[in-house]
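Coordinate inspection notes
One letter stands for each residue in the lines below.
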Amino acid sequence: MKKKSLVFALALFVIFTGFLPAQENLWFTTVLKEKFLDKQGNPLTGKGVLIGDVDSGIDIFHPFFFFADGGEFNWIDVNKDGVFTAGVDAVDFKGDGIPASDGVLRYIEMNNNTYKMLKTDDKSFNPDMDFLYADKNNNKKRDFGEKDGFTENDPTYGEQLFIAIDANGNGVLDAGEKIVALKTSKVRSVREKDGTIRRRGKDLIKTEPDEVQHGTSVSGLVLGGQYGVNKLHGVAPDAEIVHANIKYDYTPRFARNFPDLVKFLRDEKINILLFEDGEWMWEFMDGSTEEEILQNQIAASGITVIGGGGNLASGKMHIQDNLKKGKETVFTFSSPATGEGKKNDGAYASFLWKGKDNKISFVVTAPDGKKSKELNDGSGFIKVGNYNMFYAREISPRGTVMFKFAFSEKDSGTVNGDWQFGLKASQDVQIDGYVVDVTQSWSGSTHWVSDKLTDERTITFPSTSDSIIAVGAYTVNIAWGDKLNDLCKYSGRGNNISGKMGIDICAPGHTTFTCGPNNSYTIFSGTSSAAPHVVGAVALMLQYDPTLTHSEIRQILHKTATSDSFTGSVPNTNWGYGKLNTEEAIKYVIQNR
């Protein structure tokens, strides 16, 4: 789901506490401490690996997402001062030492949206952080895209971008040092929300923007930037990516076309499938859906399937209790009038249990005190006082029973207030209850008011399939209420309702650095941040040995994961097999393949 609350809360933490880690203590989690080579002696950078991402989209114009394949050039020190001067010096396109009018060099000062965690000099060109461009019309800004007259055939889809090779490492582009042109997009294709497919070399320049600003940051962690040049880059910066953009609906299921998205990515011949979404409302979460079965088939075909385990823990949206035969148990959830900046005109609940012959009856009490009739089967729409209510009892192919509800106030009013469920079971049974509202928020705008709240069984769909490598998140750089290097309090955990241990492995998830839309660097948190680290690690493994299967990769990740005082004895249902150790995983592949 598209969740902004984690980043917003972090921003408040930084602003009000003033806490920033010392620069020397910052961890660029996607930059390896060691250099590894493939069997041909080339650096392991993910080259030749194609990643498919089910996500919000990507900023197709971001400088992080172009290969440095446009050729190496000299630049002309026009004013002869020995260092680069923006707006004066020029790229030597023809190699004749004569500055051309369309070759004047300027640079994009990357926006620093990290609450000053990253130190950048916004008054001068930084070769390891900023990007040069040839200002063809000398209007002192970089023009790009069809709006400025560029086409699919133009390198970098605009005025050409360059990286600077700071050969002597002094943080300045000196006379005699080279620049390298960026050219080809790292994005091979995009399936837009309405099903339109954009392809590199045809019409990728027309790709819809990443309005949620999620997939861009995910892609930055996986393959952004340039190895050996940019201070910040993705784990596998020479990999390629295909995006399948999620269209979120207003009511559950919030993401309804996963099968179409997954089939598109499969047909694009991807090597790794990444799910960057978490759903829990009206989901069986037992591995039985079409999407989860499709994942199993894809994994069996050799494609590695990875997903973030979700940020549902600590959100007060899950309860678990043991009902006694014939005894009524009451649960209450509370909804606000507004949340995440929108009117809260819809709330939803679902209850899951095993045993299709166990009939549980439900009586709902609305905020106005009016009660529903007793419900234990079927489906329908009824009025409860001033409110509209939908209900349905469904059974999954694996025998999980779901009783689901939707609530709204007549004439599109809010669902503000307390809602009660009176449950009575025909047999003793364990039950799980989930809530959410139209905000689709991880932070629990609508939440249970109960002493039965638990963080167990909070792995979200589609990371509940049998095959997926589900990733949890741990804290780096800023603790934000947790301890550094400890599991993020929101990271999903526990066994799935199917009995499978939910999390396979954990990776850095709070607070990591990546790119954001509109030429920015940003912080990124959640299991959405953790999963791309695992994807990047797998891309490096696959570059070294493309024959590795999903199951082999899973075993290697488990075998090489790190355990420490935070993880305790592994495997366990909080950490899986421990913390991702990319370097050790690569070493294992090199030594054993």
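Everything here concerns the structure above.
Reference entry: report on the structure contained in this document. Each chain carries its own residue numbering, running from 1 in the written order of its sequence. Predicted model: local features are reported for residues with pLDDT of at least 70 only, side-chain atom pairs are reported and counted for 80 or more only, and whole-chain, interface and lining totals are derived from all residues. Side-chain numbers come from the whole structure's heavy atoms, not from hydrogens or water.

Right, let's get into unusual backbone geometry. Residue Phe-461 is joined to Pro-462 through a cis peptide bond whose omega torsion reads 10 degrees. Cis geometry is adopted by the peptide bond preceding Thr-511, which originates at His-510 and carries an omega value of 5 degrees. Of note, Thr-511 is situated in the loop between β28 (505–510) and β29 (512–516). Within the chain, Asn-138 stands out as a residue other than glycine whose phi angle is a positive 55 degrees. Here Asn-138 shows up in the loop between β7 (131–134) and β8 (161–164). Located in the positive-phi region is Tyr-157, a residue other than glycine, with phi close to 55 degrees. Secondary structure is summarised from DSSP: a helix means a run of H or I of at least four residues, a strand means a run of E of at least two, and numbering begins at the N terminus for each. Relative to the assigned elements, Tyr-157 resides in the loop between β7 and β8.

Take the sheet that holds strand β6 (residues 111–113) next. When DSSP locates at least two bridges between a pair of strands, those strands are taken to pair. Ordered by their spatial adjacency, 3 strands build an open sheet running β6-β30-β29, and the pairing between neighbours is mixed. Both outer strands of the open sheet, β6 and β29, are each paired with one neighbouring strand and no more. Strand-to-strand twist of the sheet, defined as the mean angle between neighbouring strand axes without regard to direction, takes the value 30 degrees. Looking at chain direction, β29 and strand β30 (residues 520–524) are connected through 5 bridges and run antiparallel. Residue Cys-515 lies in a different strand from β30, and its bridge partner there is Tyr-521. Axis lines are fitted to C-alpha atoms, over the contacting stretch for helices. Their N-to-C directions set the angle, which ranges from 0 to 180 degrees.

Let us now look at the pattern of salt bridges. Salt bridges are defined as contacts in which a side-chain nitrogen from Lys or Arg sits within 4 Å of a carboxyl oxygen from Asp or Glu. A complete count under the given rule lists 26 salt bridges for this structure. Put simply, Glu-240 and Arg-200 hold a salt bridge, and the shortest N to O gap is 2.7 Å. Separated by 40 residues along the polypeptide, Glu-240 in strand β12 (residues 240–245) and Arg-200 in the loop between β11 (197–199) and α2 (215–223) bring together distant segments of the chain. Each residue is assigned to one of three classes by its accessible area relative to the maximum for its type, calculated with a 1.4 Å probe on protein chains only: buried under 20%, partly exposed between the two thresholds, exposed over 50%. For Glu-240, a relative accessible area of 14% gives the class buried. Look at Arg-200 and you get partly exposed, because its relative accessible area is 28%. Here Arg-554 and Asp-504 are joined by a salt bridge, their closest N and O atoms 2.9 Å apart. Taken as a pair, Arg-554 in helix α6 (residues 550–560) and Asp-504 in the loop between β27 (469–475) and β28 lie far apart in primary sequence, 50 residues in all. By the burial criterion, Arg-554 is buried, and Asp-504 matches it. Several salt bridges converge on common partners, so that one network encompasses Glu-34, Glu-584 and Lys-587.

Residues are said to line a cavity or pocket when one of their atoms sits within 4 Å of a point; the points come from a 1 Å grid over protein atoms alone, cavities being sets where a 1.4 Å probe fits but cannot get out and pockets being open sets with protein on both sides within 12 Å along at least five of seven lines. Grid points are joined across faces, edges and corners, and a volume is the space filled by probe spheres set on the points. In this structure the tally under the stated criterion is 3 cavities of 30 Å³ or more. In this model, the largest cavity occupies a volume close to 70 Å³. Surrounding the largest cavity, 12 residues form its lining, Glu-276, Asp-277, Gly-278, Thr-527 and Ser-528 being those nearest its centre. Gly is placed with the polar residues, together with every amino acid not listed as nonpolar (Ala, Val, Leu, Ile, Met, Phe, Trp, Tyr, Cys and Pro) or charged (Asp, Glu, Lys and Arg). Here the residues of the lining of the largest cavity sort into 3 nonpolar, 7 polar and 2 charged. The space that makes up the second largest cavity amounts to roughly 40 Å³. Forming the walls of the second largest cavity are Phe-284, Met-285, Leu-352, Tyr-434, Arg-457, Ile-459, Thr-464, Asn-496 and Ile-497.

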